[in-house]
Amino acid sequence: MTNETTGPHFGGHVEDGWGKVADAFRANFDGTPGEIGAACSVYLGGRPVVDLWGGLADREANRPWGKDTIVQVASTTKGAAAICAHLLVQRGELDLDAPVVRYWPEFGSAGKDEILVRWLLSHQAGLPIVDGPLTFEQACAWDPVTRAIEAQKPLWRPGTEHVYHAVTYGYLVGEIVRRITGKSLGTFFAEEVAAPLGLSAWIGLPEEEEPRVARFEDAAPFTVEELLAGMIATTGLDEETVTAWVESMWTPDAVQIRAGVLGGALDPATGYFRTRAWRAAEFPAANMLADAGSLARMYAATVSDVDGVRLLDPPTVETMTEIQTDKTTMYGLPPGLDIPADRSFNMSLGFWRACPALPMLGPGSFGHPGSGGSIGFADPDAGVGFGYVTNLWNYRPDDTRAANLSKAVQDCLG
């Protein structure tokens, strides 16, 4: 039985027994930071049990969020890129323990000839930055960035440390997919993932889909003190450790800062991320546009049959979700500071695993969050696929919107 949920700027349905998710969804609009517009979807055993949307897709235009609204999901894109790579692993076309140069010979210069495919997927390749200079137009064109990566020297001995490859991840994984299949990652995703499942999700948005795009806004800024308090609360680490970690992350030359600008191509001050050119290009680490139902359906198809489609088999899922960053240390930390992976960056082969900062549904869950708040994940034990998207981008580590929804899913599962 399906219950419709309607009201001013709310729509969707929940099946009997799933009302707590609808309650949490509505409560998020009244909480902190609140919502402008958002959507949440849950699949159980391959079928949708929750599909909710509400608020405004564009506050300036007073445009309601509808069933067909899509929004940028930032690094939630990385999970889709990883699924593409593991489809090739499953088909025997990509070997996780092979050197990258087997598929991409030019990659091997500057001491990179022994880098393994698994290190690209787990952010251990030592290539979170490119020295540049690169322009935004070059980043959109793809090849200039892959040429820069070919020339780039790793920041550390690959396989011995890790740090988040915020933008280069998409080029590293995407170029391997392109070398094997002859297709860009966006095209491969469209043909091999989105089309079979009927997803409204794109890495490289067709112009005709532009009217569906929600306009996103940034939540209120916050202080360093609030950042520290949020990280302490979500990681469970002590204040001294968190303070030292944050201080190392936010110096002007910190690797995390440099990773985000891609050799100067992605200067936030230019507002590139709000342009048609950004949405049209393929950035497989960062610029997928999707609705919540597509995220949930995609992840559901990694752990169950969805209308006759199953993307990945259980052995593939078991392999790709083995945590990797517990075997290496985080790059760029002050001497003597060691932060456990399950308190900082609990990464498998392209997917976050559940940890205090990202609990999802529990130890078996895997997925990927995005800057601003979105997330998609699956839980093999529960047979759940989950998607949440928002157009109020909040960068605080203690943002509870997605966690409120996943906790409600846990409660409904019993």
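Residues numbered from 1 in each chain as written. Predicted model: local features only at pLDDT ≥ 70, side-chain atom pairs only at ≥ 80, totals over all residues. Heavy atoms only, no water.

## Overview of the packing of aromatic side chains
Link 1 in the chain: Enumeration according to the criterion identifies 19 aromatic pairs in this entry.
Link 2 in the chain: On the numbers, 5.7 Å between centres and 75° between planes, the contact of Tyr164 with Phe345 is edge-to-face. Of the two residues, Tyr164 is situated in the loop between β7 (161-162) and α6 (168-181) and Phe345 in the loop between β11 (329-330) and β12 (352-353); the sequence distance between them amounts to 181 residues.
Link 3 in the chain: Plain terms: the ring middles of Trp278 and Phe283 are 4.4 Å apart, the flat faces sit at 35° to each other, and that makes the pair tilted. One exposure class covers both Trp278 and Phe283, and it is buried.
Link 4 in the chain: Seen from the ring of Phe107, Lys112 lies directly overhead, with NZ or CZ sitting 5.4 Å from the centre.
Link 5 in the chain: For the cation-ring pair, Arg274 lies above Phe216, with the distance from its terminal atom to the ring centre recorded as 4.3 Å. (Phe/Tyr/Trp six-rings, centres within 6.5 Å; stacked < 30°, edge-to-face > 60°. Helix = DSSP H or I, 4+ residues; strand = E, 2+ residues; numbered from the N terminus. Buried < 20%, exposed > 50% of the residue type's maximum accessible area, 1.4 Å probe, protein only. Lys NZ or Arg CZ within 6 Å of the ring centre and 35° of its normal.)

## Description of the pattern of salt bridges
Link 1 in the chain: Going through the model one piece at a time under the given rule, you end up with 27 salt bridges.
Link 2 in the chain: Among the ionic pairs, Asp51 bridges to Lys67, the shortest N-O distance being 3.1 Å. You can see Asp51 sitting in strand β4 (residues 47-58) and its partner Lys67 sitting in the loop between β5 (63-64) and β6 (71-72), a full 16 residues away along the chain.
Link 3 in the chain: Note on Asp51: relative accessible area 13%, which makes it buried. (Salt bridge = Lys/Arg side-chain N within 4 Å of Asp/Glu carboxyl O.)

## Some points on the side chain of Glu217
Link 1 in the chain: Structurally, Glu217 can be placed in strand β9 (residues 217-218).
Link 2 in the chain: By relative accessible area, Glu217 is classed as buried at 17%.
Link 3 in the chain: At a separation of 3.5 Å, a polar atom in the side chain of Glu217 contacts the side chain of Arg215.
Link 4 in the chain: For Glu217, the residues in contact, after removing those within four places along its chain, are Ile36, Arg59, Arg274, Asn391, Leu392 and Trp393. (Polar contact = N/O pair within 3.5 Å; in protein donor to acceptor, adjacent residues only side chain to side chain. Contact = heavy atoms within 4.5 Å.)

## Focus: the UniProt feature "domain: Beta-lactamase-related" (unreviewed entry) in the protein chain
Link 1 in the chain: As annotated in UniProt, the feature "domain: Beta-lactamase-related" (unreviewed entry) corresponds to residues 27-403 in the numbering used here.
Link 2 in the chain: Helix makes up 32% of residues 27-403 and strand 14%, whereas the separation of the span's terminal C-alpha atoms amounts to 12 Å. (UniProt positions renumbered as here; feature names shortened; annotations may be inferred.)

## Some words on the environment of Ile339
Link 1 in the chain: Along the polypeptide, Ile339 turns up in the loop between β11 and β12.
Link 2 in the chain: Once the C-alpha coordinates of Ile339 and Trp245 are considered, the two residues, 94 residues apart in sequence, prove to be 8.5 Å apart.
Link 3 in the chain: With residues near it in sequence (within four places) discarded, Ile339 still touches Leu237, Thr241, Trp245, Leu333 and Ser344.

## Some details on helix α12 (residues 292-303)
Link 1 in the chain: The end-to-end C-alpha distance of α12 is 17 Å, a good match for the 16 Å that 12 residues give at a rise of 1.5 Å each.
Link 2 in the chain: Summarising burial for α12: 12 of the 12 residues are buried, a large majority.
Link 3 in the chain: For α12, the complete set of buried residues consists of Ala292, Gly293, Ser294, Leu295, Ala296, Arg297, Met298, Tyr299, Ala300, Ala301, Thr302 and Val303. (Expected span 1.5 Å × (residues − 1).)

## Overview of the packing of helix α5 (residues 143-151) against α6
Link 1 in the chain: Interhelical geometry of α5 versus α6 gives an angle of 105° and a closest axis separation of 11 Å. In terms of axis orientation, α5 runs roughly perpendicular to α6. Contacts between α5 and α6 involve Asp143, Val145, Thr146, Arg147, Ile149 and Glu150 from the first element and Tyr171, Leu172, Glu175, Arg178 and Arg179 from the second.
Link 2 in the chain: Class assignment of the residues belonging to the contact of α5 with α6 gives a composition of 4 nonpolar, 1 polar and 6 charged. (Axes fitted to C-alpha atoms, helices over the stretch in contact; angles between N-to-C directions. Parallel < 35°, antiparallel > 145°, perpendicular 65-115°, else oblique. Nonpolar A, V, L, I, M, F, W, Y, C, P; charged D, E, K, R; others polar.)

## Considering the nonpolar core
Link 1 in the chain: Residues Val21, Phe189, Val193, Leu262, Met298 and Phe386 are the most contacted members of the largest nonpolar core, which totals 134 residues.
Link 2 in the chain: Not counting chain neighbours up to four residues away, the residues in contact with Val193 comprise Ile83, Cys84, Leu87, Phe188, Leu199, Met298 and Leu311. (Core = buried A, V, L, I, M, F, W, Y, C linked by side-chain atoms within 4.5 Å.)

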